[in-house]
Amino acid sequence: MFDIIVIGARCAGATTAMLLARKGLKVLVVDRSTFPSDVISTHFLWPHGASYLNRWGLLDRVLEVTPSHTVVNLVNEGIPLEGTVPEELLRQYFQLFHGDDSGIVQRYCSVRRRVLDKLLVDAAVEAGAEVREGFAVDELLEEDGRVVGIRGRTRDGTRVEERARVILGADGRNSFVARTLRLPKFDERLKCTFAYWTYVSGIPLDTVHIHRRGRLGLGLVPTNFGQHMVLVFGPSEWGTTFRRDVPGNFQKALDFISPELGELVRGGQREERFYGTLDQAAFLRPLFGPGWVLAGDAACFRDQCTATGMSHAFRDAELVSTALEEGLSGRKPLEEALKSSYESRRRGQVASAYYDFVCTLAEMRPPRHDDLSLYVALRSNPQETNRFIATMCDVAPVADFFQASNIFLLTDVAKESSSQHPIFERFEATSRTYLQNPFA
Amino acid sequence: MEALNQRDDNELIHSLLDTAERAEKYLSNRSFSEVRTVPESREALRGFALELGATAEETSEMLRNWTTHVPWDELLALRHGAEVAERDEAALHGLWDFLQRELPAVHAALEEMSEPPHLRRSVDPDEEYALDKNLNDFYLPGGRDLLARTEEFHGWVEARRRTETWQYSRLLDAAPGSVASIRNDTGRATRGINFNSQDYFSLNAHPAIREAAAQALREFGPHSAGSPIVLGNTRYSEALESELGELLHMEHVMLFPTGWAAGFGSIIGLVRQEDHVVIDKLAHACLQQGARAATRNVVRFEHLRLESVRQHLQAIRARDSRNGILVVTDGLFSVDADWPDLVTLQALCREYDATLLVDVAHDLGALGPGGSGVLGMQGLLGQVDLVMGSFSKTFASNGGFLATRSEAVKQYVKLFAGTHLFSNALSPTQAAVVLRATRIVRSPEGELLRRRLFRAIHALRDELIGRGRTCMGEPSPIVPLLMGNEKLARITNRLLFDRGVLAFLVEFPVTPVGSARFRLQVQAAHTPEEARTAARIIDEAINDARAYMSSAFGTGLA
Ligand SMILES: Cc1cc2nc3c(=O)[nH]c(=O)nc-3n(C[C@H](O)[C@H](O)[C@H](O)COP(=O)(O)OP(=O)(O)OC[C@H]3O[C@@H](n4cnc5c(N)ncnc54)[C@H](O)[C@@H]3O)c2cc1C
Ligand SMILES: Cc1ncc(COP(=O)(O)O)c(C=O)c1O
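Criteria and thresholds
- Residues numbered from 1 in each chain as written.
- Chains lettered and ligands numbered in written order.
- Predicted model: local features only at pLDDT ≥ 70, side-chain atom pairs only at ≥ 80, totals over all residues.
- Heavy atoms only, no water.
- pLDDT = per-residue confidence, 0-100.
- Contact = heavy atoms within 4.5 Å.
- Phe/Tyr/Trp six-rings, centres within 6.5 Å; stacked < 30°, edge-to-face > 60°.
- Buried < 20%, exposed > 50% of the residue type's maximum accessible area, 1.4 Å probe, protein only.
- Near = heavy atom within 4 Å.
- Polar contact = N/O pair within 3.5 Å; in protein donor to acceptor, adjacent residues only side chain to side chain.
- Areas by Shrake-Rupley, 256 points an atom, 1.4 Å probe, with all protein chains shown as cover.
- Pairing = 2+ DSSP bridges.
- Helix = DSSP H or I, 4+ residues; strand = E, 2+ residues; numbered from the N terminus.
- Axes fitted to C-alpha atoms, helices over the stretch in contact; angles between N-to-C directions.
- Nonpolar A, V, L, I, M, F, W, Y, C, P; charged D, E, K, R; others polar.
- Domains from an automatic or database assignment.
- Buried area = accessible area lost by both parts, 1.4 Å probe.
- Salt bridge = Lys/Arg side-chain N within 4 Å of Asp/Glu carboxyl O.
- 1 Å grid on protein atoms, 1.4 Å probe; cavity = no way out; pocket = protein on both sides within 12 Å on 5 of 7 lines; lining within 4 Å.
- Points joined across faces, edges and corners; volume = space filled by probe spheres on them.
- Expected span 1.5 Å × (residues − 1).

Asker: Would you mind going over the confidence of the model for chain B in detail, with residue names and values included?
Answerer: In low-pLDDT segments, the atomic positions of the prediction should not be examined closely. Residue and element names in this part refer to chain B. Counting all residues, the mean pLDDT for chain B is 93, and 97% of those residues have values of 70 or more. Predicted confidence for residues 553-558 stays below pLDDT 50, and this span has 21 contacts to residues more than four positions away or in other chains. Across the predicted assembly, pTM comes out at 0.86 and ipTM at 0.94.

If you want it as structure tokens, here you go:
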């Protein structure tokens, strides 16, 4: 009998297991994968994500093998912005969610999941959690309407049953727990991006570059093994035509979005096949019920366009492990602990505003005149640029940036004008051409 | 490390789907005994299994670890199974079993991944457009034709009107009491418990108020016929200034035609290009815009956060000891229903030679001892540098004022605030109504009205909170019911219209994006019972809106 069984041993699961084991609970964590192994993700970790790792004493291990930086480069329709997620806002974020801002760092990095997840699983073992890899759960044990355990099978086919006071589904977007319990999806947002990416060596570029043009975007990020993760994304309705010729359209998209970066990638050496998906509709699921809890993608999935899923999975891990410890130690009734220490922070105003923000971005509409004017205004305002970047990655509340007096003031004091940026010259006509699918 | 020339997952999934389709078709009219006995069928079965197994093996580990609802382990095992099944009966039966029983589900899962339902499902495009956008999306339109470039915005308004999610420009068909009859801007009529009007004391229907209006109308006619600085004021204006002065313990009061004019005018009257304005980021728009019009040196501070005011004042004073600083805040905030610690704020201002301006539009009259508002509650009557307000909430009329203890300030602002100097004065009727209202506010009847008002406020808040809803701020005539998501709020608003509650939905630019709320404005005429009924109806409408959203925009309950 365990205090808790965690299903899924990656960003949400291994971390929660580690944190709970460190608190002295008896934890079993199982995953049908074996480690090290990859999972679909472009694995960019924003500074709050890196800060979590640092709070848990794991960041150094990641940074030993992974390049990291602080400056973020955004280019929208040729309008460049450069900034860093500010320490002050990171502090506010950690205070707001965890009442404790220790261990924050301003670095970001892109760490392959086969590197990161292995490290997380090892940390869970070190903390004293029992980890079983290659273990696929295929049944939930229920008694009196309460989930009380799992059944599953090991790689060699042996069937095993285990029981615990709580079962945590950290089992990803296609959550087995959620499917088995027939949990509803709320507020589903169908519009999303298609994303295709690969790994290229020999690209002489340091910091992260995120470019947008028309309905397409690219990401270029240094990652492990001396390679860059190169990503192209666009509206999912174009994905079906894009994938007819992935290598050709990939390069075509890069060249369209940024000829210079397209050239850099062409000059590099592709090291792996292309990966991709267009199955990224967003949804929320309920967070807990009798005997079960969800965390990470299982609880809330959003499009990749802001690259925040892993950082959020870490946030879930800290919140849910605090709540579970409170509940399982008997200091608070479990339900109450999950409500006040987990649900109230995950489903509050700030979270729902960000959900909207991501889902709107994921529609990949051509940048609006308003958006672009705002970027021009931001160029002369490093402080607000930093805040904008912090807003994009959910460190700062959306409502603080997108607030009338802020936006008015920002545009009032702008020092640069639209005349410096060619996109404004034939804006209407250009926007119209952006609506055509270039891969059709 | 995976090789470069491997096919990408999408191609592989298509190939799996293709095999699955052929296998299902082939097996659909065959029995196991046929497969077992006819060598050709046996080979076909093994062939399908081999194909599936080999293709599954080629898919990336990335994909397999993500799509955990697909039984990849079983698919991978097919290849081995097929080899063995050449002579092993049990293995053959295993293959048969998998292809018969499991394959259709695998097929469906792979298909859903490859062609997710969102590529097929369509929602009402009008409704989607109406619900998805916010006003800030239209703030900076492009193009040199000022008129033509409003069209895009108008297209959005039209989509919202068509889907009845446009909460603006409603019309009253009768006086707005605790119940009101209204039409929405498509002309559809309804009637309901009215939290959509700002008349906190319900003075609009008060006989003495109506009589005051009638008398002034008979005496002076409807027109003031001039700016207050020329000949637009009457003896009612004069009496009103002194009555307000007594309420506020401030000797010098000047009137403006609206509260907006008072806020905007007070700031532009006093602040010059090189001066600074330090303003709460949620202060009313008339103050924000006044600040922007007066100077480029505007800093917004986090709502109610006085440490942040101190930091800003310190920073400004560190580099500028010569120019003025105006610190600006609301008393009772009109969409958050909270208020600052004015004692500390005024002290801070003194410490840094800054001047404090407080907008008491919502609290004066309705809160505090004798209707003295937030200032009275904090023991600050007569002690704040500048106080401005509006008559449009409690005092049953258009109009606003600025109060100061300095005659010089009053005279100066009169001549330098364009909204006072260059605008027609309050009408005699308005001045008479506000004078009468101020007297009621200060009288024992005023106490009674405040008590009634607060009974209704508590009933409304308690019922909403009891139902698990979030009412922001403090008990006050403004009850902000937090909705957050604009989509949910707009659908709720549409439902409420026909269910007998009139409530105003506020969203950007009144609230920040993602922070929509219903601003319920309570009146003394609301009975606690009405308030509770309304709360129940609102709560149900929110539940129904949620259900609607997950059926129209999602899969709903599984
Ligand atoms: C295209 C794409 C790009 C992305 N890019 C980024 C990015 O750049 N940055 C970022 O932060 N996020 C990104 N994300 C999101 C991020 O990858 C996820 O949010 C994150 O992986 C979620 O972690 P998790 O632990 O919740 O789930 P997962 O990482 O999906 O882990 C779930 C685990 O549960 C196991 N499991 C499932 N069912 C069972 C079962 N029945 N029995 C046993 N084990 C089971 C699985 O084997 C798996 O290992 C991206 C997502 C996509 C789709
Ligand atoms: C805080 C505040 N100040 C000023 C005003 C403007 O008042 P009026 O409606 O009289 O123009 C309002 C009302 O909208 C307000 O809420």
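That was the structure; now back to the text.
Asker: Can you explain the packing of aromatic side chains? Please cite residues and give values.
Answerer: Scanning all chains against the criterion turns up 38 aromatic pairs over all chains. For the pair A:Phe44 and A:Trp46, a centre-to-centre distance of 5.0 Å together with 85 degrees between the ring planes defines the contact as edge-to-face. On the basis of relative accessibility, which here comes to 8%, the residue A:Phe44 falls in the buried class. Both rings, one in B:Phe32 and one in B:Trp96, keep their centres 5.8 Å apart while their planes meet at 45 degrees; by these two values the pair is tilted.

Asker: Please set out the site of ligand 2 residue by residue, giving values where relevant.
Answerer: Residue and element names in this part refer to chain B. Within the structure, ligand 2 sits among 14 residues, and Gly259, Asp359, His362, Ser390 and Lys393 are positioned closest to it. Interatomic distance of 2.8 Å between a backbone N/O atom of Gly259 and an oxygen atom of ligand 2. Contacts to ligand 2 include His284, whose side-chain N or O atom sits 3.3 Å from an oxygen atom. Summarising the interface, the protein chains cover 83% of the accessible area of ligand 2, which totals 390 Å² for the free molecule.

Asker: Give me the lowdown on the sheet that holds strand β3 (residues 189-195) of chain B, citing residues and values where you can.
Answerer: Residues and elements named next belong to chain B. Ordered in space as β1-β2-β3-β12-β13-β11, the six strands form an open sheet in which the pairing is mixed. Where the open sheet ends on each side, the last strands, each with one partner, are β1 (171-172) and β11 (478-484). Both strand β2 (residues 179-183) and β3 contribute to a ladder of five bridges, which runs antiparallel. When the bridges of β3 are listed, Ala180 appears paired with Gly192. Along the sheet, helix α19 (residues 444-466) makes contact with β3, β11 and β13 (516-521), crossing β11 at roughly 20 degrees.

Asker: Summarise the site of ligand 1; cite the residues concerned and give the values.
Answerer: Near ligand 1 lie 35 residues; those nearest to it are A:Arg10, A:Asp31, A:Thr42, A:Asp297 and A:Met310. Neighbouring residues of ligand 1 are distributed over chains A and B. Between A:Cys11 and ligand 1, the recorded distance is 3.2 Å, taken from a backbone N or O atom to an oxygen atom. In this structure, an oxygen atom belonging to ligand 1 sits 2.7 Å away from a main-chain N or O atom of A:Met310. The set of elements that each furnish at least two residues to the shell around ligand 1 consists of β9 (135-143) and α10 (309-328) of chain A together with α4 (61-66) of chain B. Grouping the amino acids of the shell around ligand 1 by side-chain chemistry returns 14 nonpolar, 15 polar and six charged.

Asker: Describe the domain arrangement of chain A, and please don't skip the residues or the numbers.
Answerer: Residues and elements named next belong to chain A. Domain annotation of chain A identifies domain 1 (2-39 + 112-186 + 281-353), domain 2 (193-277) and domain 3 (369-434). Between the C-alpha centres of domain 1 and domain 2 there is a distance of 32 Å. At the junction of the two partners, domain 1 supplies six residues and domain 2 supplies ten residues. When domain 1 packs against domain 2, close to 660 Å² is buried across both sides, 46% of that on carbon and sulfur atoms. Applying the counting rule to domain 1 against domain 2 returns two salt bridges. Across the salt bridge formed by Arg112 and Glu272, the nearest N and O atoms sit 3.1 Å from each other. In this assembly, domain 1 and domain 2 are joined by four residue pairs in polar contact (both at pLDDT 80 or more). Tallied by class, the residues present in the side of domain 1 that touches domain 2 amount to two nonpolar, one polar and three charged.

Asker: So what's going on with empty space enclosed by the protein? Which residues, and what values?
Answerer: Scanning the entire structure with this criterion turns up five cavities of 30 Å³ or more. Approximately 130 Å³ is the volume found for the second largest cavity. A:Gly276, A:Thr277, A:Leu278, B:Ile13 and B:Met113 are the residues nearest the centre of the second largest cavity, which is lined by 13 residues in total. Elements with a minimum of two residues in the lining of the second largest cavity: β18 (275-277) of chain A together with α1 (9-28), α4 and α6 (89-114) of chain B. The biggest single contributor to the lining of the second largest cavity is α1(B), with three residues.

Asker: Provide a residue-level description of helix α18 (residues 428-442) of chain B, including the pertinent values.
Answerer: All names here are of chain B. Taking 1.5 Å as the rise per residue, α18 with 15 residues should run 21 Å; its terminal C-alpha atoms sit 21 Å apart, in good agreement. When α18 is considered as a whole, its buried residues turn out to be Pro428, Thr429, Ala431, Ala432, Val433, Val434, Leu435, Ala437, Thr438, Ile440 and Val441. For α18, the elements touching its buried residues are α9 (207-220), α10 (235-248) and α19.

Asker: Before we move on, could you go through the pattern of salt bridges and cite the residues and values that matter?
Answerer: In this structure the tally under the stated criterion is 79 salt bridges over all chains. Measuring nitrogen to oxygen at the nearest pair gives 3.1 Å for the salt bridge that ties B:Arg310 to B:Glu351. Separated by 41 residues along the polypeptide, B:Arg310 in helix α13 (residues 306-319) and B:Glu351 in helix α14 (residues 342-351) bring together distant segments of the chain. For B:Arg310, a relative accessible area of 34% gives the class partly exposed. For B:Arg517, the salt bridge goes to B:Asp336, with nearest N and O atoms at 3.2 Å. Here B:Arg517 is found in strand β13, whereas its partner B:Asp336 is found in the loop between β7 (325-330) and α14, with 181 residues between them in sequence. By relative accessible area, B:Arg517 is classed as buried at 3%. Looking at B:Asp336, the relative accessible area reads 10%, which means it is buried. What you see here is one network of salt bridges that share partners, running through A:Asp138, A:Glu139, A:Glu143, A:Arg151, A:Arg153, A:Arg159, A:Glu161, A:Arg163 and B:Glu74.

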